[in-house]
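# Coordinate inspection notes
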Amino acid sequence: MRRILMSSFSGSVIEFYDFVLYVIAAAVVFPHVFFNNLSPTMATIASFVTLAVGYVGRPLGGVIFGHFGDRLGRKGVLVTTMLLMGVSTMAIGLLPATATVGVLAPILLVLCRVLQGVAVGGEWGGAMLIALENSPGAKRGFAASFASLGAPAGAMLATGSISLASSLPQDQFLSWGWRIPFLFSVLLVLVGMTIRLKVSESPLFKSLDLEAEKRKVPILEVLRRYPSQAALGITVAISQLTIDGIATSWAVNHAVELGADRTTILNLKIFGSIALLIAAIISARLSDRWGRRLPLAAGIVAALIFVFPMLNLIQTGTAGGFAAAVIVGQFIQGFILGPLAAFLAELFPTRLRFTGASLCFQTASALGSGFTPLIATSLVAVGGGIAVLGWVWMGVLAVCLVATLIASEGRKRDLSAI
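What comes next is a walk through the structure. The structure presented is a predicted model; accordingly, all values stated were derived computationally and were not measured.

Reading the values: the criteria
- Residues numbered from 1 in each chain as written.
- Predicted model: local features only at pLDDT ≥ 70, side-chain atom pairs only at ≥ 80, totals over all residues.
- Heavy atoms only, no water.
- Helix = DSSP H or I, 4+ residues; strand = E, 2+ residues; numbered from the N terminus.
- Rg over C-alpha atoms; globule rule 2.2 N^0.38 Å.
- Buried < 20%, exposed > 50% of the residue type's maximum accessible area, 1.4 Å probe, protein only.
- Contact = heavy atoms within 4.5 Å.
- Areas by Shrake-Rupley, 256 points an atom, 1.4 Å probe, with all protein chains shown as cover.
- Lys, Arg positive; Asp, Glu negative; His and termini not counted.
- Charge placed at Lys NZ, Arg CZ, Asp CG, Glu CD.
- Phe/Tyr/Trp six-rings, centres within 6.5 Å; stacked < 30°, edge-to-face > 60°.
- Salt bridge = Lys/Arg side-chain N within 4 Å of Asp/Glu carboxyl O.
- Axes fitted to C-alpha atoms, helices over the stretch in contact; angles between N-to-C directions.
- Parallel < 35°, antiparallel > 145°, perpendicular 65-115°, else oblique.
- Left-handed = near helix turned anticlockwise from the far one by under 90°.
- Patch = residues over 30% accessible without salt bridge, like charges linked within 9 Å, V, L, I, M, F, W, Y side chains within 5 Å.
- Core = buried A, V, L, I, M, F, W, Y, C linked by side-chain atoms within 4.5 Å.
- Expected span 1.5 Å × (residues − 1).
- Bend = angle between axes of the 7 residues up to and from the residue.
- Nonpolar A, V, L, I, M, F, W, Y, C, P; charged D, E, K, R; others polar.
- Polar contact = N/O pair within 3.5 Å; in protein donor to acceptor, adjacent residues only side chain to side chain.

### Re the overall build of the protein
- Broken down by element type, the protein carries 18 helices and 0 strands.
- The C-alpha atoms of the protein give 20 Å as radius of gyration, which agrees with the globular expectation for 418 residues (22 Å, within 12%).
- Structurally, the protein occupies a C-alpha span of about 60 × 45 × 35 Å along its principal axes.
- Within the protein, the proportion of its 418 residues that are buried is 62%.
- Within the protein, contacts between residues separated by at least 24 positions form 88% of all contacts whose residues are at least 6 apart in sequence.
- Total accessible area on the protein is roughly 14,900 Å²; 72% of this is exposed by carbon and sulfur atoms.
- The centroid of the 29 positive side-chain charges in the protein is displaced by 6 Å from the centroid of its 18 negative side-chain charges.

So, in structure tokens, the structure goes:
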């Protein structure tokens, strides 16, 4: 079980290191390297568009790899997604700038980003299910969270690596320094593959393996037989992922634009990831005792209360304001994240669990994390300011809270019986 949990955690660390590395680079690097022929605001928006494209690739990856994960097994998918992520991330680190090859540079960037999205779309579901389906029922909420815990750990590693690179002089950082963290991903993939290849297949899946031919297209069965579960799962997951979109990308870019030091902001972002990790561990443990919905609802209520304080603190343009906003905001995000994996997995039967849970989480990622930075930047740019952004965000969170309250509780559900 320790090996399984380590595989789930380390694989997600590597996948989200690569994915979050792009998120941060989209805020502080790519507007200058790939969109330097545009105005600063339009360059930022264009960079966030490429960010959103990667998130759109995540539901596609969830469906593709969920299909094979539900038909052929979880382990093979996990090996494939890690290789795909490693290759696409290394390719980004080798891309020429727009000043060298013109419009081909952002086109290649978008292609690599889509491949990243497809890879991480399959990774989360497989890593989560390998842990959940091997764990005792009373501890499966905590076990499933290991795939989610890899996200803040990977974010810390990504933020730290690009922060270190950003300590170079500006011209060196933008010409070659930012590339080093992307190329470093190759070493992480080699370590992750060594761990992952030693993990055995999920026992729950093995019990159904002989019926694989009956499950021709899992996504169609999910949409036909479990549409309400899918809709509720997507809506609940959006609550956590909008916080991610604000704190991980938009807040970093906005604080730097308002005059805060880039390296300081990136270093402070690491503490936000630590807060997220701690909160996720706490709430995952609580979900095994009190159920999934209670900590989820508590986290969403806290997010509703903190919307305007968070945005106003970011708006100060100071390192202190950014630190308070992001650390508290990501602690709240972590409280929602902890039970989320088990909550989504328990909505679906074993034969469809990979596809169903991945569809929920990755669609929410596209809508929440993917488009939030773009929407936030656009609202501020057209004069709506943080007030409009705040009210829109609160409306989204309110809908997520209602979905959480009406969803069924799955903590005591027998996963082998549905």
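### Notes on the packing of aromatic side chains
- What the rule picks out here adds up to 11 aromatic pairs.
- When the centroid spacing of 4.9 Å and the interplanar angle of 65° are considered together, the rings of Tyr22 and Phe30 count as edge-to-face.
- Judged by relative accessible area, Tyr22 falls into the buried class, the value being 0%.
- Put simply, the rings of Tyr22, Phe30, Phe34, Trp178 and Phe182 pair up and form one aromatic cluster.

### As for the pattern of salt bridges
- One pass over the full model with this rule turns up 5 salt bridges.
- Two residues, Glu221 and Arg225, come together in a salt bridge whose shortest N-O distance is 3.2 Å. With Glu221 and Arg225 both in helix 11 (residues 218–225) and 4 residues apart, this pair spans about one turn of that helix.
- When salt bridges that share partners are traced, they join Arg140, Asp288, Arg292 and Glu346 into one network.

### Here we look at the packing of helix 1 (residues 2–28) against helix 9 (residues 179–196)
- The contact between helix 1 and helix 9 brings their axes to 9 Å, and the two run at 165°. Here helix 1 lies roughly antiparallel to helix 9, going by the angle between them. Helix 1 and helix 9 meet at a crossing whose hand is left-handed. For the pair helix 1 and helix 9, contact is made by Met6, Ser7, Ser8, Ser10, Gly11, Ser12, Ile14, Tyr17, Asp18, Leu21, Tyr22 and Ala25 and by Pro181, Phe182, Phe184, Ser185, Leu188, Val189, Gly192, Ile195 and Arg196, respectively.

### Topic: a nonpolar patch on the surface
- A contiguous nonpolar patch, built from Phe271, Ile274, Ile278, Ile282, Ile327 and Phe331 and spanning about 490 Å² of accessible area, is present on the exposed surface.
- Among the elements that take part in the nonpolar patch, helix 13 (residues 262–290) stands out by supplying 4 residues, more than any other.
- Within the secondary structure layout, Phe331 lies in helix 15 (residues 319–345).
- Under the relative-accessibility criterion, Phe331 is labelled partly exposed at 35%.

### Points about the nonpolar core
- Of all hydrophobic cores here, the largest spans 124 residues; its most connected members are Val29, Phe30 and Met128.
- Looking at this core, the element that brings in the most residues is helix 1, giving 14 residues.
- Met128 has contacts with Ser8, Ala144, Ala147, Ala341, Ala345 and Ala357, leaving out every residue within four places of it along the chain.
- In terms of nonpolar packing, the next biggest core, distinct from the first, is built from 13 residues, Ala143, Leu149, Ala153 and Ala284 among them.

### Some details on helix 15
- The end-to-end C-alpha separation of helix 15 is 39 Å, in line with the 39 Å expected for 27 residues at 1.5 Å each.
- By the largest-angle criterion, Pro339 marks the main kink of helix 15, which is about 35°.
- Taking burial as the measure, the 27 residues of helix 15 include 21 buried ones, the bulk of the element.

### Things to note about the packing of helix 4 (residues 74–94) against helix 9
- The contact between helix 4 and helix 9 brings their axes to 7 Å, and the two run at 165°. Relative to helix 9, the element helix 4 lies roughly antiparallel. In terms of crossing hand, the pair formed by helix 4 and helix 9 is left-handed. Together, Lys75, Leu78, Val79, Thr81, Met82, Leu83, Gly86, Thr89, Met90, Ile92, Gly93 and Leu94 of helix 4 and Arg179, Phe182, Leu183, Ser185, Val186, Val189, Gly192, Met193 and Arg196 of helix 9 make up the contact between the two elements.
- Residue composition of the contact of helix 4 with helix 9, grouped by class: 12 nonpolar, 6 polar and 3 charged.

### Let's talk about helix 12 (residues 227–257)
- Between the first and last C-alpha of helix 12 there are 42 Å, a value that for 31 residues agrees with the 45 Å anticipated at 1.5 Å per step.
- The sharpest bend along helix 12 reaches about 45° and sits at Trp250.
- Most of helix 12 sits out of view: 23 of its 31 residues are buried.
- Count one or two residues on from helix 12 and you reach Gly259, which has phi positive near 115°.

### Brief notes about the environment of Ala357
- Relative to the elements of secondary structure, Ala357 occurs in helix 16 (residues 353–370).
- Apart from residues lying up to four places away in sequence, Ala357 is in contact with Trp124, Met128, Leu344, Ala345 and Phe348.

### What to know about the side chain of Thr363
- Its location among the elements puts Thr363 in helix 16.
- Separated by 2.6 Å, the side chain of Thr363 and the backbone oxygen of Leu359 make a polar contact.
- Other than its neighbours up to four places away in sequence, Thr363 contacts Pro59, Ile234 and Ser358.

### Quick notes on the environment of Val33
- Take Val33: it is sitting in helix 2 (residues 30–33).
- In this structure the C-alpha to C-alpha distance between Val33 and Arg353, which are 320 residues apart in sequence, comes to 41 Å.
- Excluding anything up to four places from it in sequence, Val33 contacts Ala97, Thr98, Leu174 and Trp178.

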